[in-house]
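Here is what each chain is made of, one letter per residue.
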Amino acid sequence: MKFVFIMLLRDLTADAKAINLAAVRLVLQPAVYLFVFGYVVGGMLPTEGGRYSEIIAPGIIAITVMTGPFVTVGGSILSGYYFRTMEAWLLAPVTLRTLMLAKVLSGLFYGLVSGTIVGLLIWLILGLAPQSLLMPYLLGASGALFFSFLSIVILLFPETPDKGQELFSFLLMPMTFFGCTFYSYSMLAPPFSYLALLLPTTYISEGLRAAYNPALPHMDSTFVVLGLLLAVALLYPLAGWVFRRRFRDFTW
Amino acid sequence: MTPALAVEHLQCRYPNGTLALRDLSLDIGVGEVFGLLGVNGAGKTTMIKVLGTLLRPSAGRVRVLGLDVGRDRVEIKRRIGVMPQDINLDTYLDVRQNLIFHCRFHGVAKRESALRVERWLEVLGLRDKAQEPVLRLSGGTKRKVMLAKAFLTEPEFLILDEPTAGLDPEMRAFVWNSVLDFRRTRRTVFLSTHYMEEAERLCDRVGILHGGTLAALGRPSELTHKVGEDGRPLYIEMHDVFSNVVGSAA
């Protein structure tokens, strides 16, 4: 377990070295999104049951919960490949499972921290706050875990992560724009509503919408949380298998 | 006494089908410095990866410090120090942080890590570069940091893959002395090298790897001193021993 925390400390130290980049990623980007789409555009658009800013704000958190683990877990696999850092980590006296857990927990941490930062920005810029913190953190945690495992599967399933990198970029776009982040699920008609159900950002956004303003149309929260937890439970063994398959014999 | 390394009929095949090592058997005693010579592609790095538990043997048995490389990976990694051929430093960290985190990942306590790192920074003359990002370092300096990493955890078995490649003569002499000092503490060294002089000066025994198997094995003096056709002792340069073995085995 100590190794897991030391790895997290390593990730924090690495980010502290590039604090400007981290600040842009964690604060500036979401703040610009919130100001433009939430404050400016949101003020102009009438929405059933609330303001447009209440629709988009949870969506921005969902995007952050996705990109946090993608950058942390995915980025560390990619740099581990290009700069061979993975070899050094594999030589540490821990099991492959512990190494994977360390990376995933780092992704979870970054997902939650970046989600919290955006939550604070939403409060500062749009004056919105969730009715309780339990549901947002539950959704944030399950979402961050999901995307951490997904990063492992996407990048480590191919022989080398550079091959998975394209799929990674390819997935980011639909998750960001078609996962009900900029609109609510109720605004979609078939077949788009069916397609949106395939994207985890849909569930995170909808669950967060319910937490911010239950009067807005949203998916059933219990369904959302159970769906996400089920997705995590299914993805965990797959990620574990992919990780072992790739690193039981290190051929990079 | 359990040998530091026991290899029995080792075979190693990569997923793409390449047979990198075939039917390789070798014992190395505790406190021995063993040198593996071979041309590029002979299988030296594959052998190093197997010993470092990064690759599993396809067939045969390999025991490091009495532990099986397939079953006891974690315990082996706890007791060995590895300097791989390629630089694997953490590019997001500076020199000191690289060394500190290496110690911490290997279970060395925080205070002890700091002490060891400062000592090695001093020894390697890297104190003024301690806060330098590793991406800005020269190739030779990066290898110095890699060398420090191998020694930092105070391993029982040191595995060095071409440790002096790219180093200046002064630094090369430093590495040689470090290896010899290490051996004085009755700990074992397995190193691969291209340099005949290095093998001759450092190693108790030398193996010449060719086509994935050991084509010659013995003390440097045994390999270099032969009896001539006229019955008189004949000294052959290590380089010629190597050329003869690789040539005859090809």
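This structure is a prediction, so every number in the text was calculated from the model and none was measured.

Things to note about the pattern of salt bridges
Inference 1: Using the criterion set out here, one finds 22 salt bridges over all chains in the structure.
Inference 2: Taking the shortest distance from any N to any O, the salt bridge between A:Arg10 and A:Asp11 comes out at 2.6 Å. Both residues of the pair, A:Arg10 and A:Asp11, belong to the buried class.
Inference 3: When the shortest N-O distance is used, the salt bridge between B:Arg116 and B:Glu112 registers 2.8 Å. Of this pair, B:Arg116 and B:Glu112 both sit in helix α4 (residues 110-123), separated by four residues, roughly a single helical turn.

Digging into the nonpolar core
Inference 1: Core analysis: the biggest nonpolar cluster contains 109 residues, and B:Leu5, B:Leu26, B:Met47, B:Val64 and B:Phe190 have the highest contact counts within it.
Inference 2: Of the residues forming this core, the biggest block, 14 residues, is contributed by helix α3 (residues 52-82) of chain A.
Inference 3: Here this core spans two domains, and each of domain 1 (1-43 + 56-71) and domain 2 (73-187) of chain B adds at least three residues to it.
Inference 4: Setting aside residues up to four positions removed in sequence, B:Met47 forms contacts with B:Val7, B:Leu10, B:Leu21, B:Leu24, B:Leu26, B:Leu36 and B:Phe190.
Inference 5: B:Ala130, B:Val175, B:Ala199 and B:Val246 belong to the second largest nonpolar core, which has 46 residues in total.

Some points on the sheet that holds strand β8 (residues 188-193) of chain B
What links the strands of a sheet is backbone hydrogen bonding, and the strands pair in either a parallel or an antiparallel sense.
Residue and element names in this part refer to chain B.
Inference 1: The mixed open sheet is built from six strands, whose spatial order is β6-β7-β8-β3-β9-β10. The sheet is open, and its two borders are formed by β6 (80-83) and β10 (213-218), each paired with just one other strand. Taking the axes of each pair of neighbouring strands and ignoring which way they run, one obtains an average angle of 15° across the sheet.
Inference 2: Direction of pairing for strand β9 (residues 205-210) relative to β10: antiparallel, over a ladder of five bridges. Looking at β10, one finds that Leu-209 is bridged to Leu-214.
Inference 3: Sitting on the sheet, helix α1 (residues 44-51) touches β3 (33-38), β6, β7 (157-161), β8 and β9, and the angle it makes with β8 is about 155°.
Inference 4: Helix α6 (residues 169-184) contacts β3, β7 and β8 of the sheet and is inclined by roughly 155° relative to β8.

Thoughts on unusual backbone geometry
Apart from glycine, the bulk of residues carry a negative phi angle, and the bulk of peptide bonds sit in the trans form.
Inference 1: Between A:Pro190 and the following residue, A:Pro191, the backbone shows a cis peptide bond with an omega angle of 5°.
Inference 2: Mapped onto the fold, A:Pro191 is located in the loop between α7 (161-177) and α8 (192-196).
Inference 3: One non-glycine residue, B:Thr53, lies in positive phi territory at about 70°.
Inference 4: Phi is positive for B:Arg186, close to 60°, though the residue is something other than glycine.
Inference 5: When you line up the elements, B:Arg186 lands in the loop between α6 and β8.

Thoughts on the interface of chain B and chain A
Often the size quoted for an interface is simply the accessible area lost on bringing the parts together.
Inference 1: On the side of chain A, 28 residues touch chain B, which itself brings 30 residues to the contact.
Inference 2: The largest share of the area that chain B buries against chain A comes from B:Leu54, B:Tyr92 and B:Phe105, three residues that together contribute 26% of it.
Inference 3: If you look at where chain B meets chain A, you find four salt bridges.
Inference 4: Seen at the junction of chain B and chain A, the total is ten residue pairs in polar contact (both at pLDDT 80 or more).

Focus: the domain arrangement of chain B
Residues and elements named next belong to chain B.
Inference 1: Per the domain assignment, the segments of chain B are domain 1 (1-43 + 56-71) and domain 2 (73-187).
Inference 2: Placing a centre on the C-alpha atoms of domain 1 and another on those of domain 2 gives a separation of 24 Å.
Inference 3: Taken together, the contacts link 15 residues of domain 1 with eleven residues of domain 2.
Inference 4: Both sides together, the interface formed by domain 1 and domain 2 hides about 1,100 Å², and carbon and sulfur atoms give 67% of it.
Inference 5: Counting across the domain 1 and domain 2 interface gives zero salt bridges.
Inference 6: Our count for the contact surface shared by domain 1 and domain 2 stands at one residue pair in polar contact (both at pLDDT 80 or more).

Here we look at the packing of helix α1 (residues 2-17) of chain A against helix α5 (residues 96-126) of chain A
Residues and elements named next belong to chain A.
Inference 1: Where α1 meets α5, the axes come as close as 9 Å, and the angle between the chain directions of the two elements is 50°. The orientation of α1 relative to α5 falls into the category oblique. In terms of crossing hand, the pair formed by α1 and α5 is right-handed. Contacts between α1 and α5 involve Phe-3, Val-4, Met-7, Leu-8, Asp-11, Leu-12 and Asp-15 from the first element and Thr-98, Leu-99, Leu-101, Ala-102, Lys-103, Leu-105, Ser-106, Phe-109 and Tyr-110 from the second.
Inference 2: Here the contact of α1 with α5 is composed, by residue class, of eleven nonpolar, two polar and three charged.

Reading the values: the criteria
- Residues numbered from 1 in each chain as written.
- Chains lettered and ligands numbered in written order.
- Predicted model: local features only at pLDDT ≥ 70, side-chain atom pairs only at ≥ 80, totals over all residues.
- Heavy atoms only, no water.
- Salt bridge = Lys/Arg side-chain N within 4 Å of Asp/Glu carboxyl O.
- Buried < 20%, exposed > 50% of the residue type's maximum accessible area, 1.4 Å probe, protein only.
- Helix = DSSP H or I, 4+ residues; strand = E, 2+ residues; numbered from the N terminus.
- Core = buried A, V, L, I, M, F, W, Y, C linked by side-chain atoms within 4.5 Å.
- Domains from an automatic or database assignment.
- Contact = heavy atoms within 4.5 Å.
- Pairing = 2+ DSSP bridges.
- Axes fitted to C-alpha atoms, helices over the stretch in contact; angles between N-to-C directions.
- Buried area = accessible area lost by both parts, 1.4 Å probe.
- Polar contact = N/O pair within 3.5 Å; in protein donor to acceptor, adjacent residues only side chain to side chain.
- Parallel < 35°, antiparallel > 145°, perpendicular 65-115°, else oblique.
- Left-handed = near helix turned anticlockwise from the far one by under 90°.
- Nonpolar A, V, L, I, M, F, W, Y, C, P; charged D, E, K, R; others polar.

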